[in-house]
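# Coordinate analysis (summary)
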Amino acid sequence: MLHNLNLPIIDTSVVTLDNTTYALITTAIPGEKLLVVQGHTNGFVGELRHSDQVMLCARTPENARVLRARLPWLQPSVLGLQTSAGFGDRLGIATPGHVQSVRGTGVAPIFAQQSVRENTRTGRTPQQVLDDAMWGAFEAGWREPWGADADHLKALADIEPFIAAGYTFYTIDPGDYVDDDAEEDNTATLRQKASALPWSDLRSSLNETQQRYHRQFDIEDLPLAFDEHTLLKAVVKYGAAVAHMARMTRRIQELAGQRPFEMEISVDETRTTTALLEHFYIVSELKRLSVPFVSLAPRFVGRFEKGVDYIGDLAELEQNIAGHASIMRYFHNDYKLSLHTGSDKFEVYPITMRHTQGLVHLKTAGTSYLEALRLIASIDSSFFREIVEFACSRYDTDRKTYHVSATLAKLPLIASLTKDQLPDLLNQFDARQVLHVTFGSVLDTFGSRLHHLLNEHQADYHVYIKRHFDKHLEAFRSR
């Protein structure tokens, strides 16, 4: 019926349920879209056209809540042990491209995914991130389950806004409580540090812990055995982190009430790798403390840096991933391995799938933003040159909270590149990292111009995203 009203309807968004039809329409303002409701309009806030009983509604948080209540598939849900992928969207307009890429792959998507750090740098709230993802999923006609990830939660105070917004996936990052110095401490120092751990929060003692772990564990063809030093190292390195994870879990449970949720444990943003024995210790302790989690992100060997492929020996990484997967199977395959800083790690994906049999979560973030810059490079070269020069001026400051190794001296001279060469700058290692980590500063300075340009070319942007994520998801597709 809506198609008879001469409205600029986005066809993929049209849905009819319980005698009411919903759709999005475009407007004369680039990027602005309105919700159209024909039928039961109660609860929505907008302009009612009495001639045809159609209500035109702005995409407000209030209307988003009503739409989610009407169309249950627009509510984020838990995804369990399915092969899954997180699609970070720092601009709030990428989800239709993510839908186009993930549709038909068998991969369960998390469309809303942003950390407290990213929200601070983009000026967005958890509610805005979730609503933007929901509108994008609605626009693209996605009707399968999808998740919303409150990423890299570090403190108890971080949790409440994500609970209030309706997130279903909580990534706990206890990195501030991980003692990386334990890697080099001698046994006497480790003993001293271990005695000072928050044993009451761990509901145990050092003596009880030693009794639990001072033996060999037969894990497939990988016998693991703690001696005094390796156990003390695991306990000191991760004991306080485990206690913090338990505190964070209790707070989420308290705030979520009966609403279902799932958690991911992230220890990847640390200075040292997660040894197999340490993975075993972390999981054993979390289970002992009744901390529920659906995925674990260890720090693997080698370097997982922002925006670029894996740096290191692939044979060594494969052996490492195989070991972590063996431990996962020891615990009855009841959680997934998670690849953080996972975007653009094309050599890693087949290895991970081979050893996990699909029990894997891929987490991406800034790569969708980089595709936006690639598009800008192709349609407004002078603006792109401004962005690159500004990003270079901000790199030394903005890189401090990221694991990156790009150097400004290795960037091609932007002035020497022709217009046709500019998009290819997004394939260059150092340029990708510089542009990746300076996103917050770029958005602070150029945000309105950048959004205006992308809004004029949203369909092209989604094509760019689909092309890029098709390559990401190829190894994860269900056969």
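Residues numbered from 1 in each chain as written. Predicted model: local features only at pLDDT ≥ 70, side-chain atom pairs only at ≥ 80, totals over all residues. Heavy atoms only, no water.

On to the pattern of salt bridges, then. Inspection of every chain in the model, using the stated rule, returns 32 salt bridges. Residues Lys154 and Asp173 are paired through a salt bridge, measuring 3.2 Å at the closest nitrogen-oxygen approach. Note that Lys154 is positioned in the loop between β8 (147-153) and α5 (160-165) and Asp173 in the loop between β9 (169-172) and α6 (187-195), a separation of 19 residues in sequence. We note a salt bridge from Glu371 to Arg374, for which the minimum N-O separation is 3.2 Å. With Glu371 and Arg374 both in helix α13 (residues 367-379), this residue pair falls 3 residues apart, about one helical turn. The exposure class of Arg374 is buried, given its relative accessible area of 12%. Via salt bridges that share partners, Asp149, Asp151, Glu264 and Lys363 belong to a single interconnected network. (Salt bridge = Lys/Arg side-chain N within 4 Å of Asp/Glu carboxyl O. Helix = DSSP H or I, 4+ residues; strand = E, 2+ residues; numbered from the N terminus. Buried < 20%, exposed > 50% of the residue type's maximum accessible area, 1.4 Å probe, protein only.)

Turning to the packing of helix α11 (residues 314-330) against helix α12 (residues 348-356), a few remarks are in order. For the pair α11 and α12, interaxial distance at closest approach is 9 Å and the crossing angle is 30°. As judged from the angle between their axes, α11 and α12 are roughly parallel. Crossing hand, α11 versus α12: right-handed. Facing Leu314, Leu317, Glu318, Ile321, Ala322, Ala325, Met328 and Arg329 of α11, the residues of α12 in contact are Val348, Ile351, Thr352, Arg354, His355 and Thr356. Per-class residue counts for the contact of α11 with α12 are 8 nonpolar, 3 polar and 3 charged. (Axes fitted to C-alpha atoms, helices over the stretch in contact; angles between N-to-C directions. Parallel < 35°, antiparallel > 145°, perpendicular 65-115°, else oblique. Left-handed = near helix turned anticlockwise from the far one by under 90°. Contact = heavy atoms within 4.5 Å. Nonpolar A, V, L, I, M, F, W, Y, C, P; charged D, E, K, R; others polar.)

Take the nonpolar core next. Counting residues in hydrophobic clusters, the biggest one holds 140 residues, and the most contacted among them are Leu35, Leu67, Phe138, Tyr170, Leu373, Phe384 and Leu450. The biggest single contributor to this core is helix α9 (residues 228-256), with 13 residues. In contact with Leu67, other than residues within four places in its own chain, are Tyr22, Leu35, Phe44, Leu74, Met134, Trp135 and Phe138. One finds Leu2, Ile9, Ile25 and Val36 within the second-largest nonpolar core, a separate group that totals 8 residues. (Core = buried A, V, L, I, M, F, W, Y, C linked by side-chain atoms within 4.5 Å.)

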